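Structure assessment
Each chain is listed here by its residues.
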Amino acid sequence: MAAVVTDQKLRRSAAATLLVLAVAAVYYGAARLGLLEQLVRGQVTPLWPPTGIAVAGLLVFGLRIWPGIALGAFVANVAIGPTILTVLAIAVGNTLAPLCSYMLLRRAGFHNDLDRLRDALALVFLGALGGMLISSTLGSSVLVLSGAVPAGDFWSTWSVWWTGDAMGVLVVAPFLLVLRGARWPRGVALRRWAEAGTLLIGTLAATLLATGSRSASLLFLVFPFLIWAAFRFERAGAALCALGVSTLAILAASRGEGPFAHEDLLTNMVTLQAFNGATALTALLLAAVITERNRTHEQIKRLCARLNDVVAALPDRAVSDQWQTSDDPEDPGGRADDAQP
C-alpha cells in the first residue's frame with residue numbers, strides 16, 4: 001500500500017514538473033516571437049503575448065504554474081537584459097503582474113468561458129489594465145536605473161510596456177480561453193463554413209488595406225467584420241478576428257507603414273494601441289453580450305416550454321381532483337349524488 005501511494009505521489013510530482021516546464025517553454029517561445037517586433041531597445045513591444053499566455057494559464061491550471069512563468073520570463077530576458085540584476089527584476093515584474101491579474105479576476109468571480117459581460121469587463125479592467133501596471137512600472141524603472149533607457153524616455157517606455165502587456169491579455173488570453181473550450185463542430189451546414197471563411201478573408205483583407213494606407217480613417221473598415229464575427233460566431237469568431245487584426249496592425253507599425261508611422265514613438269504607439277484596444281474591446285465585449293443574450297433566450301424558451309407543459313396538464317388534474325374530492329365523509333369519491341336515481 002505504501003509503495004502504491006509513493007508511486008502516485010511521484011507521478012503527480014512528475015506531471016506537475018512537466019507542466020511547469022511546458023509553461024516555461026511556451027512563455028519563452030511567445031516572448032521570442034514578441035521581441036521580433038520590439039520598438040524600444042529590443043525589450044518593449046506593442047504586443048507582449050506571454051502576458052496573455054500567463055494569465056490564461058493561471059486561470060486554467062491555477063497557481064501551481066507560476067514557477068514556469070518565472071522561469072520563462074527569466075530565460076527570455078537573459079539574452080537582452082543589460083545585467084543579471086536587471087533581468088531578475090524584470091522577470092519578477094513579469095511574474096507578479098499575471099499573478100495579480102489572476103487573483104483580481106478570481107476575487108471578482110471570473111468565468112473562464114467569457115460568457116458574461118461582467119467577465120469581459122473584468123478581463124479588461126482587472127486582468128489587463130490593472131494587473132499589468134506592475135510589470136510596466138517595475139520594468140521601466142529598472143531599465144532607467146540601469147542606464148539602458150534614458151531617464152527622459154521613462155514615460156514613453158512605460159506607456160509602450162503597459163499597453164503592450166495589456167494588449168497581450170486582451171488579444172491572446174481570450175483566444176486561448178475560447179480555444180480551450182472549443183469543440184470541433186459536427187453536422188455544420190456548408191453555407192456556415194462558407195460564411196466563416198468569407199468572414200475571415202474579409203477581415204484580413206480589410207485590415208491589410210487599412211494598415212497599408214496612411215489614412216487613419218480607413219481603420220474603421222475593420223469594425224463591421226468584428227461586429228459580424230461577434231453576432232454570427234460569438235466568442236470564437238470574435239477572438240480569432242481580433243487576434244488577426246492586431247497582429248497585422250503590429251506588423252505594419254513595426255515596418256513603419258500605414259497610419260502608425262511618420263510620427264514620434266509615443267504618437268505612433270497611441271494610434272496603434274488605440275486601434276488595437278478598440279478592436280479587442282469591440283470583439284470581446286460584443287461577443288460576451290451576444291453570448292449572454294443567446295443563453296438567456298434559450299433559458300426563457302426552456303422555461304416557456306415547461307410552463308406550457310404544466311398548463312396543458314392542469315385540466316386533467318382538475319377533473320381528477322373533482323372526482324376524488326368530496327365533503328361527505330361517507331362518499332369519499334364524491335359521486336353519491338350522481339349515483340341516486
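Each remark here, short or long, concerns the structure printed above.
Turning to the nonpolar core, a few remarks are in order. Phe110, Phe260 and Phe275 are the most contacted members of the largest nonpolar core, which totals 64 residues. With 14 residues, the top contributor of residues to this core is helix α9 (residues 223–254). Counting residues in hydrophobic clusters, the runner-up holds five residues, among them Ile90, Leu143, Ala148 and Trp161.

For the rest of this paragraph, the subject is the pattern of salt bridges. As a working rule, side chains carrying opposite charge can pair if their charged atoms are close by. Here the structure, examined in full by the defined rule, presents five salt bridges. Across the pair glutamate 195 and arginine 192 runs a salt bridge, and its minimum N-O distance is 3.7 Å. With glutamate 195 and arginine 192 both in helix α8 (residues 190–211) and three residues apart, this pair spans about one turn of that helix. Using a relative accessible area of 26% as the deciding quantity, one classes arginine 192 as partly exposed.

Quick look at the side chain of serine 101 now. The residue serine 101 is located in helix α4 (residues 84–107) in this model. With sequence-adjacent residues up to four places away left out, serine 101 is seen in contact with Val55, Leu126, Gly127, Gly131 and Met132.

Of note, threonine 211 is situated in helix α8. For threonine 211, a relative accessible area of 4% gives the class buried. Within the local environment of threonine 211, its side chain forms a polar contact with the backbone oxygen of threonine 207, the two atoms lying 2.7 Å apart. Those residues in contact with threonine 211, other than ones at most four positions away along the chain, are Leu219, Leu248, Ala249, Ala252, Glu257, Gly258, Pro259 and Phe260.

The next thing to look at is helix α6 (residues 133–145). When the terminal C-alpha atoms of α6 are compared, their 18 Å separation across 13 residues agrees well with the 18 Å that a helix rising 1.5 Å per residue should span. Residues Ser135, Ser136, Gly139, Ser140, Val142 and Leu143 constitute the buried set of α6. For α6, the arc enclosing every buried residue in end-on projection is 160°, short of the 170-degree limit, so these residues lie on one face. Close packing links the buried residues of α6 with α4 and α7 (154–181). Taken from the residues just after α6, glycine 147 is the one with a positive phi, measuring 85°.

Once that is clear, we can look at the packing of aromatic side chains. Following the criterion strictly, the structure yields seven aromatic pairs and no others. Judged by centre distance (6.3 Å) and plane angle (85°), the rings of phenylalanine 223 and phenylalanine 275 are edge-to-face. Taken as a pair, phenylalanine 223 in helix α9 and phenylalanine 275 in helix α10 (residues 265–324) lie far apart in primary sequence, 52 residues in all. As far as the burial class goes, phenylalanine 223 and phenylalanine 275 line up, both buried. Chaining the aromatic ring pairs together yields one cluster made of Phe154, Trp155, Trp158 and Trp162.

So, on to a nonpolar patch on the surface. Together, Leu18, Leu21, Tyr28, Leu71 and Val75 give the surface a local cluster of nonpolar side chains, amounting to about 440 Å² of exposed area. When residues of the nonpolar patch are traced back to their parent elements, those giving at least two are α1 (2–35) and α3 (66–78). Looking at which element gives the most residues to the nonpolar patch, the answer is α1, with three residues. For leucine 21, a relative accessible area of 45% gives the class partly exposed.

Moving on, we come to the packing of helix α5 (residues 117–130) against α7. The N-to-C vectors of α5 and α7 enclose an angle of 140°; their axes lie 8 Å apart at closest approach. As the angle between them shows, α5 and α7 are arranged oblique. α5 and α7 meet at a crossing whose hand is right-handed. Where α5 abuts α7, its residues Leu123, Val124, Gly127, Ala128 and Leu129 lie against Trp162, Ala166, Val169, Leu170 and Pro174.

Phi is positive for leucine 114, which is not a glycine, with a value near 50°. Looking at the element boundaries, leucine 114 is found in the loop between α4 and α5.

A word on the packing of α8 against α9. The contact between α8 and α9 brings their axes to 9 Å, and the two run at 30°. Considering the relative orientation of α8 and α9, their crossing is right-handed. When grouped by side-chain class, the residues that make up the contact of α8 with α9 number 16 nonpolar, six polar and three charged.

Parameters at a glance
- Residues numbered from 1 in each chain as written.
- Predicted model: local features only at pLDDT ≥ 70, side-chain atom pairs only at ≥ 80, totals over all residues.
- Heavy atoms only, no water.
- Core = buried A, V, L, I, M, F, W, Y, C linked by side-chain atoms within 4.5 Å.
- Buried < 20%, exposed > 50% of the residue type's maximum accessible area, 1.4 Å probe, protein only.
- Helix = DSSP H or I, 4+ residues; strand = E, 2+ residues; numbered from the N terminus.
- Salt bridge = Lys/Arg side-chain N within 4 Å of Asp/Glu carboxyl O.
- Contact = heavy atoms within 4.5 Å.
- Polar contact = N/O pair within 3.5 Å; in protein donor to acceptor, adjacent residues only side chain to side chain.
- Expected span 1.5 Å × (residues − 1).
- Arc of directions from axis to C-beta.
- Phe/Tyr/Trp six-rings, centres within 6.5 Å; stacked < 30°, edge-to-face > 60°.
- Patch = residues over 30% accessible without salt bridge, like charges linked within 9 Å, V, L, I, M, F, W, Y side chains within 5 Å.
- Areas by Shrake-Rupley, 256 points an atom, 1.4 Å probe, with all protein chains shown as cover.
- Axes fitted to C-alpha atoms, helices over the stretch in contact; angles between N-to-C directions.
- Parallel < 35°, antiparallel > 145°, perpendicular 65-115°, else oblique.
- Left-handed = near helix turned anticlockwise from the far one by under 90°.
- Nonpolar A, V, L, I, M, F, W, Y, C, P; charged D, E, K, R; others polar.

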